[in-house]
Amino acid sequence: MQTADILVLDFGSQYTQLIARRLREQGVYTELIPFNASIEQIKAKSPKGLILSGGPASVYAKDAYFCDEGIFDLGLPILGICYGMQLIAHKFGGSVIPASHKEYGKAELKIAKNSQLFDGVEDDSVVWMSHADKVEILPKNFEVLATSKSSEYCVFADENRKIYAMQFHPEVIHSEFGTVMLKNFSKICGLTSTWNMGSFAKDQIAKIKAKVGNDKVLCAVSGGVDSSVVAALLAHAVPQNLIVVFVDNGLLRTNEARQVEEMFKLKLGVNLISVDASELFLSRLKGVTEPEKKRKIIGETFIEVFDREAKKFENVRYLAQGTLYTDVIESSPSGASKTIKSHHNVGGLPEWMKFELIEPLREIFKDEVRQLGLELGLSRDVVFRHPFPGPGLAIRIMGEVNTPNLELLRKADVILREELKSSGWYDKTWQAFCVLLNVRSVGVMGDNRTYENAVCIRVVDASDGMTASFSRLPYDLLENCSRRIINEVEGINRVVYDISSKPPATIEWE
């Protein structure tokens, strides 16, 4: 089991993942764990400090979330953020009540007492608030470290026990010195910046070697960043015991199967086994319109195909997958967090399969995967390729997935990528794709009435995929994309642009 420098107990805040991100950026390995994890689960991770995240509940309400109180007897430094702050106040005999003035957005931090927590933090700096409750009475043995206009107990602590609590969210970028305060907390925990992708790569290669031994590993690849990095890790760790399989599920973009084969054989030097299972996947998706059902069908079919391929070789004991931390968080929430979507890599294998899973990326975020890819020697064009979902175009088609719909979407997608690359915007954005809406609208072409399909363009900026904002593309570029798609793709007469951010929307439509 991977140990963690700092554990974040997740009480359901939309910002919880950012706490781990900010600390990892500072070289401190941080993981999330459910708020209701047992003390044994927490001890097993051997943390040097704990952070209690924010969350949507109120500590005085019937639906309040509480952690194992044993954490306060471990002698570890603890930092409570927002709900975590109020939980600390509640636990130690303070009082938490609904605030007469709810506080959302920017506030000024007034430092009242010097503390290691504030080393390098300027007085009157901006912090980000998001709360409707407040601490009315401070618990015994705690003292105020900072205030804000609407929070007289903005930051308080029992510094003898190294228990700290802050009302604002240091993890969001709007808190000017938030990362500094998180880094300071890690120093209070006695931690230094020792974690990076180089150390992570060495650790994973050693673990894979020890685990695999003389057995074989079947590595499922799609040509995307995640599976490419997994294949590279395995090629470093167990080159003689590696079997790399690429399945064409019929849900890929134009010429993608050929590009994947060329990339692995020519750029990565990996012997690739290609399997065309497009007819099988499309036959099972016939008539299916519900997004979760699509994902599950695709995931189950993938596993069947890989199992069939594995039986052609001896001593195949392991299946390697490119599962990311974001996949785990969104697909397998715990406690206060909600399921966003299922992911075909998450949730383990069916009982009938004899494989054991190897998921070396399961504990890192997307941008960390890219750093790892560069560390392993992969080219930038492989590492910085836009993300492409495992279920492929199936979750970019609203409604039934069939050959005519796939062809329409592929043609539109090619045009979008061509325009982004020729304008220089492809490398400036995180992800770009088209969605076939299967919504028909009236149009006019050459004096004739049309009643055809609409396509949505989705382009976003992000760093790890946990949050994203729509890309502010130039109007001229959007106009060129729209004009070309409507003129060159028969069956489409309307193009719209998605200006939703994540949250509240997700990046993919399904």
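Every value quoted in this text rests on a predicted model; they were computed, and no experiment measured them.

## A short note on the pattern of salt bridges
- This model, assessed by the stated rule, comprises 29 salt bridges.
- The salt bridge partner of Asp215 is Arg317, with a shortest N-O separation of 3.4 Å. With Asp215 in the loop between α5 (197-212) and β10 (216-221) and Arg317 in strand β13 (residues 316-320), this residue pair connects regions lying 102 residues apart in the sequence.
- Through salt bridges with shared partners, a single ionic network connects Arg21, Arg22, Arg24, Glu25, Asp367 and Glu368.

## Remarks on the nonpolar core
- Residues Ile71, Phe72, Ile88, Phe156 and Leu372 are the most contacted members of the largest nonpolar core, which totals 122 residues.
- Ranked by the residues each element gives to this core, the list is headed by helix α6 (residues 225-237), at eight residues.
- For Leu372, the residues in contact, after removing those within four places along its chain, are Met197, Phe200, Ala201, Val229, Leu233, Leu361 and Ile364.
- Counting residues in each nonpolar core, the second largest holds 36 residues, with Ala107, Leu109, Val121 and Val155 among its members.

## Observations concerning the packing of aromatic side chains
- Considering all chains together, one arrives at 10 aromatic pairs under this definition.
- Each ring, one from Phe35 and one from Tyr65, has its centre 4.9 Å from the other, and the planes form 40°; the classification is tilted. Separated by 30 residues along the polypeptide, Phe35 in the loop between β2 (30-34) and α2 (39-44) and Tyr65 in the loop between β3 (49-52) and β4 (78-81) bring together distant segments of the chain.
- Taking 5.8 Å as the distance between ring centres and 80° as the angle between the ring planes, the aromatic pair formed by Phe142 and Phe156 counts as edge-to-face. Pair noted here: Phe142 is in the loop between β6 (125-137) and β7 (143-148) and Phe156 is in strand β8 (residues 151-158), with a separation of 14 residues, a long-range link.
- On the basis of relative accessibility, which here comes to 0%, the residue Phe156 falls in the buried class.
- Sitting over the face of the ring of Phe365, Arg21 holds its NZ or CZ atom 5.3 Å from the ring centroid.

## Let's talk about the packing of α6 against helix α11 (residues 366-375)
- Where α6 meets α11, the axes come as close as 10 Å, and the angle between the chain directions of the two elements is 40°. If you check the angle between α6 and α11, you find them oblique. In the packing of α6 onto α11, the handedness of the crossing is left-handed. Residues Val225, Asp226, Val229 and Leu233 of α6 form the contact with α11, whose own contacting residues are Lys366, Val369, Arg370, Leu372 and Gly373.

## A word on the pairing of strand β16 (residues 448-461)
- Note that strand β15 (residues 431-445) and β16 share 12 bridges and pair antiparallel. Looking at the pairing, Val442 lines up with Tyr451 of β16.

## Focus: helix α13 (residues 403-423)
- Between its terminal C-alpha atoms α13 stretches 30 Å, which fits the 30 Å expected from 21 residues at 1.5 Å a residue.
- Looking at α13, one finds that the buried residues are Asn405, Leu406, Leu408, Leu409, Arg410, Ala412, Asp413, Ile415, Leu416, Arg417, Glu419 and Leu420.
- The inward-facing, buried residues of α13 abut α8 (278-285), β15, β16, α14 (475-488) and β18 (492-497).
- The N-capping residue of α13, defined by a side-chain oxygen 2.9 Å from the backbone nitrogen of Asn405, is Asn402.
- Looking one or two residues past α13, Gly424 carries a phi angle of roughly 85°, positive in sign.

## Section: the confidence of the model for the protein
- In this model, the protein carries an average pLDDT of 89, and 94% of its residues clear a pLDDT of 70 or more.
- Ranking the elements of the protein by mean pLDDT puts helix α10 (residues 325-331) last with 69 and β3 first with 98.

## So, unusual backbone geometry
- With an omega of -15°, the peptide bond between Lys502 and Pro503 qualifies as cis.
- Topologically, Pro503 is positioned in the segment after β18.
- For the peptide bond that leads from Pro503 to Pro504, omega is 10°, which places it in the cis range.
- Although it is not a glycine, Asp124 adopts a positive phi angle of roughly 65°.
- Along the chain, the position of Asp124 falls in the loop between β5 (95-111) and β6.
- Here Asp124 falls in the partly exposed class, since its relative accessible area comes to 34%.
- With a phi angle near 60°, Lys162 is a residue other than glycine that sits in the positive phi range.
- Relative to the assigned elements, Lys162 resides in the loop between β8 and β9 (163-166).

What counts and how
Residues numbered from 1 in each chain as written. Predicted model: local features only at pLDDT ≥ 70, side-chain atom pairs only at ≥ 80, totals over all residues. Heavy atoms only, no water. Salt bridge = Lys/Arg side-chain N within 4 Å of Asp/Glu carboxyl O. Helix = DSSP H or I, 4+ residues; strand = E, 2+ residues; numbered from the N terminus. Core = buried A, V, L, I, M, F, W, Y, C linked by side-chain atoms within 4.5 Å. Buried < 20%, exposed > 50% of the residue type's maximum accessible area, 1.4 Å probe, protein only. Contact = heavy atoms within 4.5 Å. Phe/Tyr/Trp six-rings, centres within 6.5 Å; stacked < 30°, edge-to-face > 60°. Lys NZ or Arg CZ within 6 Å of the ring centre and 35° of its normal. Axes fitted to C-alpha atoms, helices over the stretch in contact; angles between N-to-C directions. Parallel < 35°, antiparallel > 145°, perpendicular 65-115°, else oblique. Left-handed = near helix turned anticlockwise from the far one by under 90°. Pairing = 2+ DSSP bridges. Expected span 1.5 Å × (residues − 1). Polar contact = N/O pair within 3.5 Å; in protein donor to acceptor, adjacent residues only side chain to side chain. pLDDT = per-residue confidence, 0-100.

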